[in-house]
Amino acid sequence: MLRKAIVATLALSAACAPDSQAPVKVQALVLNSNGAYAPREVELTTISDIVKMEGVVAKMIGGARIRSDSQDPQVQNAQTPEAYAKAIIKGDGRDVTASYITQDGVLWPADFHTWNLVTAYYNFERAYDYFNKVANIPAADLGEPATVYYFPEFTLVDTSPDALKDNALYFSPVQAFMVLPFDTLQKAPLALNAGVMSHEYAHRIFNQKVYAGSPFPYQIAVWGQSPSSPGANLIKSLDEGLADYHGFGTTCDSPVGCDTRFFRTSFDDRLSDSRDLAKADRCMDTVLLNDLNTLNVGAFDPYKLGSIIASALYQAGQSTGQHKTLQRALVAAYSDETSGNPGLAQLSRIAQNDQLIFNRTSVSAVLVNHITDTPLKTAVCNELIDHLQIPAAELVGPGLPCPPEAQGGTTCARINP
Ligand SMILES: [Zn+2]
């Protein structure tokens, strides 16, 4: 696929200095209905420098070196998040240089990295657009252009002496995205995968709103100091599950349409199945509930609970035909200072000294209280009561958030809560 695209560019006319004024017409690698990433003309509407790949949405930085090592004296001496970020960024990196060939007013990437960079920027722009237009976050609140470390050398020394590969992530300690080099990944590079990149972008939004932009949110750093950290375990799962649901949401505006299994073009079947939002029978079980309540955040797997949350929300949006309304309501629930209607940020503040207050019931109440449409509210209540195994009496009744007609579902066998 890539070779064909690159050969195609060689046959085109000679290179000239590209026009940087947005919107810029450029070829990117976009998933088509045959399941292949193929060149497609797109418009970058926020780019200000098409060579350095920077604009309103993101700024790409090449060749950075980031090394987190608890034995590093600079890291040990760091007293503030800023000092920590400085201590682990061992090489700042530099501007990237994309190169193009122009044909009929359209820029064609002239090398592999330019294809990858342009497509990554395009995917960030899709995610930005989704959070701006679907989730209704004003552009001013979406913040400064996101720093994206492109193919950095990123090492978490306490985990492995080798630099990480084959991943894309949002790393809150440096408040930046990383698109890591690939090594053994046999499928589509993550930068090309619009759903995966939106999943990562959703972590930035969650960090900005629920964690108030903190590099080390207390919901993880402080709650996670307890041997059992149910609040930290739940909020991490919520972050992952919501990121999957928003990743799905972004795919709905792509040429191939809504894709519940967007991981499949980059990952194996096992992972893709475990994250497929359309899988309707994921349930909280006694083992997972026990893990949630007793494990430390360092040992708890947030993806299992996250995918239960994601598919429960998906079912509610799907059965009512109201995905976009639900996606907007969920983001509205991230942070809300309205008295009597706390968001997740405010609920965690209430729970700051007692993380048990941040639990399945209180979190569900916050989400449901931000939905106005009664059928949608009822559907979300039913799915959460059913799949998260919340006793219906905790959410349904006088003064409680769920409408009387919500009594849960029958997909999951009830366990003793
Ligand atoms: Zn994630």
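What this report covers is the structure whose coordinates are included nearby. (Residues numbered from 1 in each chain as written. Predicted model: local features only at pLDDT ≥ 70, side-chain atom pairs only at ≥ 80, totals over all residues. Heavy atoms only, no water.)

## Quick notes on the nonpolar core
Judged by nonpolar contacts, the single largest core of 104 residues is most densely connected at M53, F131, L344 and F358. Take this core: its biggest share by element is eleven residues, from helix 4 (residues 112-134). Leave out the neighbours within four places in its chain, and M53 touches I47, A58, K59, M60, V96, A98, Y100, L117, V118 and Y121. The next biggest cluster of nonpolar side chains, apart from the first, holds 18 residues, and it includes A64, I88, F171 and A176. (Core = buried A, V, L, I, M, F, W, Y, C linked by side-chain atoms within 4.5 Å. Buried < 20%, exposed > 50% of the residue type's maximum accessible area, 1.4 Å probe, protein only. Helix = DSSP H or I, 4+ residues; strand = E, 2+ residues; numbered from the N terminus. Contact = heavy atoms within 4.5 Å.)

## Here we look at the coordination of the zinc ion
Looking at the zinc ion, the protein donor atoms are H199 (NE2), H203 (NE2) and E240 (OE), and they sit 2.0 to 2.1 Å from it. In the primary sequence, the donor residues of the zinc ion line up as H-x3-H-x36-E. Of this pair, H203 sits in helix 5 (residues 194-209) while E240 sits in helix 7 (residues 230-251), placing them 37 residues apart in sequence. There is no split in this pair, since H203 and E240 are both buried. (Donors = N, O, S within 2.8 Å, 3.2 Å for Na, K, Ca; no water.)

## A look at the pairing of strand 9 (residues 100-103)
In this structure, strand 9 lies alongside strand 10 (residues 106-109), joined through four bridges in antiparallel fashion. Along strand 10, the bridge assignment pairs T102 with L107. Here strand 9 folds back onto strand 10, and the loop between the two strands holds two residues, one of which, D104, carries a positive phi near 50°. (Pairing = 2+ DSSP bridges.)

## Concerning the side chain of N207
For N207, the location among the structural elements is in helix 5. When near neighbours in sequence (up to four residues on either side) are disregarded, N207 contacts Y170, S172, Q175, A212, G213, S214 and P217.

## Comments concerning the state of the cysteines
By definition, a disulfide is the covalent link that joins the sulfur atoms of two cysteine residues. Inspection of every chain in the model, using the stated rule, returns three disulfides. Between C283 and C412 runs a disulfide, and the two sulfur atoms are separated by 2.0 Å. Linking C283 and C412, the disulfide has an S-S dihedral of approximately -85° and is accordingly described as left-handed. Separated by 129 residues along the polypeptide, C283 in the loop between helix 8 (269-274) and helix 9 (286-294) and C412 in the segment after helix 14 (374-387) bring together distant segments of the chain. For C283, a relative accessible area of 23% corresponds to the partly exposed category. On the basis of relative accessibility, which here comes to 5%, the residue C412 falls in the buried class. (Disulfide = S-S within 2.5 Å.)

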